[in-house]
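Listed below are the residues making up each chain.
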Amino acid sequence: MVRQSLIQWFTRLCAVVTAFALASCTTLDTTPTTANTVSNGLSQCPLNATSADCPPPSPREFRAVWVATVANIDWPTKPGLATAQQQAEVIAILNRVQSLNMNAVLLQVRPSADAIYPSSLEPWAEWLTGEQGRAPGYDPLAFWVSEAKKRGIELHAWFNPYRARHTKAVSPIAKEHIANRLPQAVKSYGGFLWLDPGEKAAQDHSFNVIMDVLRRYDIDGVHFDDYFYPYPVVETPGTQQPTAGQNAVANALGSSSPAPALVQRTPERELDFPDEPSWRAYVASGGKLTRADWRRDNVNRFVERVYNGVKAEKPWVRFGISPFGIGRPDRRPAGIVGFSQYDKLYADVELWLQRGWLDYLAPQLYWSIDQAPQAFATLLEYWHAQNTLKRDIFPGLYTSRIDDSARSWLPKEIENQIALMRVKKDVALGHIHFSMAPLTQNRREINTALASAYANPALSSIAQLRWAKPQFTTDIEIILEANGRPDFLGVRVRSSDSSLSTRTQSLSGENAALVALHLRYGEKWQFAVLPAIVGSDGTLVTTSIAKKTSDGDLNRIGASLVDRYARESARFVREVAGAAQ
């Protein structure tokens, strides 16, 4: 990949003020802070413009939701639905996300070493059809990607890198599953099957799965949640704990669901993950780390490898991780107590931030504001303080805590948490809801609360760039009365660089992903985000617009391009009052 320097978007814009093409072009200069009038009534507004004739800054906030496929938590609502029903649920979810002015979905594509897409590496997930390895008759991930792009919604592929079988799985393990293909890398623990992070073959397999999806699908992000080494199993009387090693795996494979042998231990004793073979191999090879540090190193090297792999393949695709929300015990603020992922999951999250091995961190801050031992605001400050390289911090919110139980949160809790995050100005704004179900069900009118919090659309945050990028030029046409309709506005993107159409088809980061549209009625600007749909003659976006609102007549239109890195070009603005009468 060619190394590129940080780019100033060098753009030429064209305008058409009637239904006929009356074009006028100029080269953009992004240095002024006021409108720069050029020929034929055109004006150019940089992003930091202060002139009243220029649109205000486009609002930015990463507003995302997790869509879990494992155990049919969010989608599909149950296994075995017909294709049309599964696709209808996808459309309903994306329509809900769009109607709430949210802009990203984190879709679980690999729940347990299986897939919601056709794969030569792993079997179909049973949550689709009720049987692992059975095809649903279409490509769900391709459908999700296509429908998300139609709505201008980012689609991040969420992978579980190590879980190989869930306790709620009931169908037989497919013959092509990793537990059959590579049994030495799979361990049984707590009723689940897990890939052993200490086995190189397991690391290679998960890495290849991620890169396969990255290469084949036009996703916007690669995402991990909080599962690295598994959460520890505490043994009490009656606890079923598998014997370490391949006998337990064989027992699990021989039944429709894992049924390990009962082992009675001392009550309340934490059971260790059964990675003795890989640990002994490490020691035999001359390894000097302690077992805990070795486990952390296994995870660290994998995180770094995935980050570098994503950036080498498609640098505009973001890599994000959503770890457990409490940091290392030796760094925690006073009064904060709780589980140590550093010591139990072997996740050195602070190191990942400080080495820059991710684009965004989404710590799961799943506690209320007034829960002092895990205070939301204190933990939010903690993660910002650890963020020395200023990566994006998008906390995970426990929106699913809103339910019908006596312990349910009120929607106001989520509103207040969003308000606290918006005070932070050191990095991009954003957060992620777990999960889609409360929004689909509109529990306790949570959607009304979110509609208020997200009153206006917003662009996503700008991905941090550390790669050089060549300049390119683009023409934009703003077309009134598009398609012969008085209420339609068209924005067409054409390139004076003949290679742009080729780059579009090869998924270059410079490609227009969205059009940011500003409409001024009277003295008030309205903002909209439109998906950029690529056609044979360029990128064309059309939308219906009102000629008049309660704020007054439409008198100015501003349009800019947003590329795959979420960078926005300077705006092209034109007076339009009376132009299409």
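Parameters and conventions
- Residues numbered from 1 in each chain as written.
- Predicted model: local features only at pLDDT ≥ 70, side-chain atom pairs only at ≥ 80, totals over all residues.
- Heavy atoms only, no water.
- 1 Å grid on protein atoms, 1.4 Å probe; cavity = no way out; pocket = protein on both sides within 12 Å on 5 of 7 lines; lining within 4 Å.
- Points joined across faces, edges and corners; volume = space filled by probe spheres on them.
- Nonpolar A, V, L, I, M, F, W, Y, C, P; charged D, E, K, R; others polar.
- Pairing = 2+ DSSP bridges.
- Helix = DSSP H or I, 4+ residues; strand = E, 2+ residues; numbered from the N terminus.
- Axes fitted to C-alpha atoms, helices over the stretch in contact; angles between N-to-C directions.
- Disulfide = S-S within 2.5 Å.
- Buried < 20%, exposed > 50% of the residue type's maximum accessible area, 1.4 Å probe, protein only.

(A) Inspection of empty space enclosed by the protein at higher detail. Enumeration over the complete set of coordinates arrives at two cavities of 30 Å³ or more. Here the largest cavity defines a volume of roughly 60 Å³. In terms of lining residues, the largest cavity is bounded by Leu380, His384, Ile393, Pro395, Met421, Lys424, Val427, Ala428, Leu429 and Gly430. Across the lining of the largest cavity, the residue classes tally to seven nonpolar, two polar and one charged. In this structure, the second largest cavity encloses a volume near 40 Å³. Ser112, Asp114, Glu126, Trp127, Gln132, Ala164, Arg165, His166 and Ala169 are the residues that line the second largest cavity.

(B) Focus on the sheet that holds strand β10 (residues 192-195). What the three strands build is an open sheet, ordered β8-β10-β9; its pairing is antiparallel. Each end of this open sheet is capped by a strand with a single partner; those strands are β8 (163-165) and β9 (186-189). Pairwise comparison of adjacent strand axes, ignoring direction, gives a mean angle of 40 degrees for this sheet. Here four bridges tie β9 to β10, and the two strands are oriented antiparallel to one another. Each residue of the ladder has a partner; that of Tyr189, found in β10, is Phe192.

(C) Highlighting the state of the cysteines. Per the counting criterion, the structure on display carries one disulfide. Disulfide pairing is shown between Cys45 and Cys54; the S-S distance is 2.0 Å. One disulfide, between Cys45 and Cys54, carries an S-S torsion of -80 degrees and so falls in the left-handed class. The exposure class of Cys45 is buried, given its relative accessible area of 0%.

(D) Expanded view of the layout of surface pockets. When its volume is computed, the largest pocket comes out at roughly 770 Å³. What lines the largest pocket is a set of 35 residues, and nearest its centre among them are Lys149, Gly152, Ile153, Ala513 and Leu514. Broken down by secondary-structure element, the contributors of at least two residues to the lining of the largest pocket are α3 (140-150), β22 (512-521), β23 (524-531), β24 (533-535) and β27 (552-563). Broken down by class, the residue content of the lining of the largest pocket amounts to 18 nonpolar, eight polar and nine charged.

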